[in-house]
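Listed below, chain by chain, are the residues.
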Amino acid sequence: MLKQTNYLTKVYGLPEGFRLAAYEREARGYEAARRVLTTMSPADVVTEAKKANIRGRGGAGFPMGVKWSFMKPHPTKPSYLVINADEGEPGTHKDRTLMELNPHSVIEGCIIGCYAIGAHVAYIYVRDELHLSKARLWDAIKEAKQKGYLGKNPFGKDWAVDVVVHTGAGAYICGEETSLLNSLEGRRGEPRLKPPFPAQAGAFGAPTTVNNLETIAAVPTAFLLGCEAFSKLSSIHNLNDGGVRLFGVNGHVKRPGVWECAVGLTLRELIYDLGGGLLDDKALLAVIPGGSSTPVLRADDIVDAPDEKSVLHPWHGKSVLDVPLGVDTFRNLGTMLGTCCATVMAEGTDPVLAFQNLMQFYRHESCGQCTPCREGSGWLLRIGDKLLNGTCSLEELNDLHDIANNIMGNTICAFGEGTAMPALGFLKKFRKEFEAYVSGERKGKDARLTLGPLA
Amino acid sequence: MAFALTPERDRELTEILTRYPTKMAACIPALHLCQDQNGWISDEVVDWLAHRLDLPPAHVKGVVTFYTLFNQRPVGKHQLWVCRTLPCALRGAGDVLAHCEKRLGIKAGETTSDGKVTLRTAECLASCGTAPMVQVDRDYHENLTLERLDQILTALQEGLPLTVQTPRPTAGSAAAPVSARPQGSTATGGVPPRPASNPPPKLPSDPPAGRAPSSPPKDPKR
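This one's a predicted model, so the numbers in the text were calculated from it and none came from an experiment. (Residues numbered from 1 in each chain as written. Chains lettered and ligands numbered in written order. Predicted model: local features only at pLDDT ≥ 70, side-chain atom pairs only at ≥ 80, totals over all residues. Heavy atoms only, no water.)

**Comments concerning the packing of helix H3 (residues 42-51) of chain A against helix H6 (residues 103-117) of chain A**
When two helices pack together, you describe them by how their axes are tilted relative to each other and by the distance separating the axes. Residues and elements named next belong to chain A. We count it as follows: Here, axes are lines fitted to C-alpha atoms. For helices the fit covers the stretch in contact, and angles between N-to-C directions go from 0 to 180 degrees. Helix and strand definitions here come from DSSP, where helices need a minimum of 4 consecutive H or I residues and strands a minimum of 2 consecutive E residues; each element is numbered from the N-terminal end. Here is the rule for angles: anything less than 35 degrees is roughly parallel, anything more than 145 is roughly antiparallel, 65 through 115 is roughly perpendicular, and the remaining ranges are oblique. A clockwise turn of the near helix away from the far one marks a right-handed crossing, whereas an anticlockwise turn of less than a right angle marks a left-handed crossing. Only heavy atoms enter the contact rule, under which two residues are in contact if any of them lie within 4.5 Å.
It is at 7 Å that the axes of H3 and H6 come closest, and there the two elements cross at 115 degrees. Taken together, the axis directions place H3 and H6 in an arrangement best described as roughly perpendicular. Crossing hand, H3 versus H6: left-handed. Counting all contacts with H3, which are made through Pro-42, Val-45 and Val-46, the residues of H6 involved are Ile-112, Tyr-115 and Ala-116.

What follows is the structure in structure tokens.
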């Protein structure tokens, strides 16, 4: 259901909207943090936060409140809140808008989050390329410190809190939470084995919660409205998927961009109502629902959920474009909600070239720690290359399944799945096009991703 | 040649060290400082920083070789990164790269013979809603057209100042549809304006916890 809101984005278009003054004036900034710190206990905050049904906005969709509840104080070590703003999933461009245009929502969310989990420091891990985002966050921290919202006695409470911006250096894998922690500690960004989970031994060996930046930015709004009321803004509140979030659309649409809507928007609404439809009014070929690691959906895919107990049963027989964008609904579709930023491909786009483009990405970004991922991502790319230059045999095409399936589940982190799932997704949904390259009907030199030359 | 951070940058590093419980955690921010000064991370830089942070040189070297943004050899005065990943590719990143290579006379990964520009491809730079794009040093140039790309390349070749033409979000940046502004004045992929029939929801003036907003957002189209 299309229901545009502007809780997170109210200050987006305003002059100096990223300043504290605008945030306080227009969005009742820091009211929630003040109330939380002065009237609630940390345990109450966690209990209340669970009611907001904020599913992690970074892609995995884990309930934020539940994650907070895993935090137990360590006898000798402090606890940490770490915010993941290493936005780098191809097709994802939402966190950047928050950092640049509404950084105070992030800082306020950090204050509430730190209080809830018993941390005194929040590290915001921002990818280094986003220089404006880092500057805006630092400015926001400075403003909040001047006002006394950060520091030794925020809102008069005897409970110190500080926020620090930390930068990466251009590695996609550092968006994986344990890899991010290694990078924060000044190491190579190689993922760690779990357990121990970050809540037991995270940053600097201390209990740590890692939240996505958009997740933490939604916290002030949730507490301002009341967490249950916030959750009920969503049309799939009954699936424990609550609140509002940022939806992005990019690729072959007339109006690419980011919108804030209640959870429960459909892809059709995102592409046609918000995105303005496809460029040149072309037909839709396929859409990657939430970042490149989420398996692709075809425009002609139909929901098959005859079982009445299935989450998807209400949409049985309908187009996948009409299913609400939710963590559980999309998981049951055989794909993932991911980051809720959809990449749209129009009729005429070559799916094999798209596959090969993405495999270049994964080949480049694999950290190299686990053999199946390090070698497998290279194999997948080489088969993509061979398909495009017309030297791939049917046997090699079939090997794609084996290679991808041997990556999945055999790696330390989810990057392996993130590589294998989209590879298998493209192969499953566009088998005919892949085979056309084997038979020579299609040729790499004719393959196009764009609808026309750059203007 | 021995390397050392300038006193000003060294003070900054000292401040950075106060943010973390370990010295090692300052490794990546410190490497950025060193690279800002030196242009790339030479073995001298590695040795100096290892000594400064009480780390084995092998640790620092390991970090340098892991991350894409640390240059392991000298680069041009300016770095031009062309995002090549799918969302940009769907909107013409291939043409952007080809045009850069043609005008600069080099391939991706190379530096012009006058040492002015190093051309590189980048993996997704979180600018998918404003594709295609390039990053020049620290700045993003988004919603590129060939004309704008030519301006950027000319400025780089002739050493002219280069302004970010995608205006950063200030007054009224969301006042017109993104599609109406090919130069994309909503810097970050923009939140397009709300339809007039869909007034922004007001936050309740005094919400007791647990109450719904007093005027919930209206459903605009259906």
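Having seen the structure, we can now continue with the description.
**Regarding unusual backbone geometry**
Working note: non-glycine residues mostly have negative phi, and peptide bonds are mostly trans. Residue and element names in this part refer to chain A. Residue Pro-196 is reached from Pro-195 by a cis peptide bond, and omega for that bond is 5 degrees. By secondary structure assignment, the location of Pro-196 is in the loop between helix H8 (177-184) and strand S4 (208-212). The backbone phi angle of Asp-280 is positive, close to 55 degrees, even though this residue is not glycine. When you line up the elements, Asp-280 lands in the loop between helix H11 (267-274) and strand S7 (284-288).

**Section: the nonpolar core**
Residue and element names in this part refer to chain A. The test is simple: Put simply, a nonpolar core is a bunch of buried Ala, Val, Leu, Ile, Met, Phe, Trp, Tyr and Cys residues held in one set by side-chain atoms that sit within 4.5 Å of each other. Here's how the labels work: a residue is buried when its accessible area is under 20% of the maximum for its type, exposed when over 50%, partly exposed in between, all with a 1.4 Å probe on protein chains only.
Formed by 166 residues in total, the largest nonpolar core has its most connected members in Trp-68, Ile-107, Ile-124, Phe-223, Phe-426 and Phe-434. Setting aside its immediate chain neighbours within four residues, Phe-223 contacts Ala-32, Arg-35, Val-36, Met-40, Val-45, Glu-48, Ala-49 and Ile-112. Core analysis: the second largest hydrophobic core is formed by 31 residues, Leu-2, Val-253, Leu-325 and Val-327 among them.

**Description of the packing of helix H15 (residues 394-407) of chain A against helix H16 (residues 415-429) of chain A**
Residue and element names in this part refer to chain A. Quick reminder of the rule: Amino acids are sorted into nonpolar (Ala, Val, Leu, Ile, Met, Phe, Trp, Tyr, Cys and Pro), charged (Asp, Glu, Lys and Arg) and polar (every other residue, Gly among them).
The geometry of H15 relative to H16 is characterised by a closest axis approach of 8 Å and an angle of 150 degrees between their N-to-C directions. In terms of orientation, H15 and H16 fall into the roughly antiparallel class. Once H15 is placed against H16, the crossing between them reads as left-handed. Facing Leu-397, Leu-400, His-401, Ala-404, Asn-405 and Ile-407 of H15, the residues of H16 in contact are Gly-416, Ala-420, Leu-424 and Leu-427. Class assignment for the residues of the contact of H15 with H16 results in 7 nonpolar, 3 polar and no charged.

**Things to note about helix H4 (residues 57-66) of chain B**
Along H4(B), the residues that are buried comprise B:His59, B:Val60, B:Gly62, B:Val63, B:Val64 and B:Phe66. Check the buried side of H4(B) and you find it contacts helix H2 (27-38) and helix H3 (43-52) of chain B.

**Points about the pairing of strand S9 (residues 341-346) of chain A**
Residue and element names in this part refer to chain A. We apply this condition: Whether two strands pair depends on DSSP finding at least two bridges between them.
Buried residues dominate S9, accounting for 6 of its 6 residues. Every second residue of S9 is oriented toward a common face, with Cys-341, Thr-343 and Met-345 on one face and Ala-342, Val-344 and Ala-346 on the other, all of them buried. When strand S5 (residues 244-251) meets S9, the two strands line up parallel, connected through 4 bridges. Counterpart to Asn-250 in the pairing with S9 is Thr-343. Here S7 runs beside S9; their pairing, made up of 4 bridges, is antiparallel. Within S9, the residue paired with Leu-284 across the bridge is Ala-346.

**Comments concerning the packing of aromatic side chains**
Residues and elements named next belong to chain A. The line we're drawing: Pairs were defined over the aromatic rings of Phe, Tyr and Trp, the Trp ring being its six-membered one, requiring ring centres within 6.5 Å. Orientation was assigned from the angle between planes: stacked under 30 degrees, edge-to-face over 60, tilted for the rest.
Scanning the model with the defined rule gives 18 aromatic pairs over all chains in all. Ring centres of Tyr-30 and Tyr-149 lie 4.6 Å apart, and the angle between their planes is 35 degrees; this geometry places the pair in the tilted category. Here Tyr-149 lies in the loop between helix H7 (131-146) and strand S3 (162-167) and Tyr-30 lies in the loop between helix H1 (20-27) and helix H2 (31-39), a separation of 119 residues in the sequence. The two residues Tyr-30 and Tyr-149 agree in class, both being buried. An angle of 65 degrees between the planes, with centres 5.6 Å apart, marks the rings of Tyr-80 and Phe-204 as edge-to-face. One end of the pair, Tyr-80, is in strand S1 (residues 79-85); the other, Phe-204, is in the loop between H8 and S4, and 124 residues separate them in sequence. Accessibility classification places Tyr-80 together with Phe-204 in one group, the buried group.

**Overview of the pairing of S3(A)**
The side chains of a regular strand alternate between the sheet's two faces. Residues and elements named next belong to chain A. The condition is simple: Handedness of a crossover is defined as follows: with both strands directed away from the viewer, a clockwise route from the first strand across the helix to the second makes it right-handed.
Within S3, 5 of the 6 residues are buried, which leaves the element mostly enclosed by the surrounding structure. With 6 bridges connecting them, strand S2 (residues 119-126) and S3 associate as parallel partners. When the bridges of S3 are listed, Val-121 appears paired with Asp-162. Once you follow S2 into H7 and on to S3, the crossover reads as right-handed.

Purely geometric numbers; function is a separate question.
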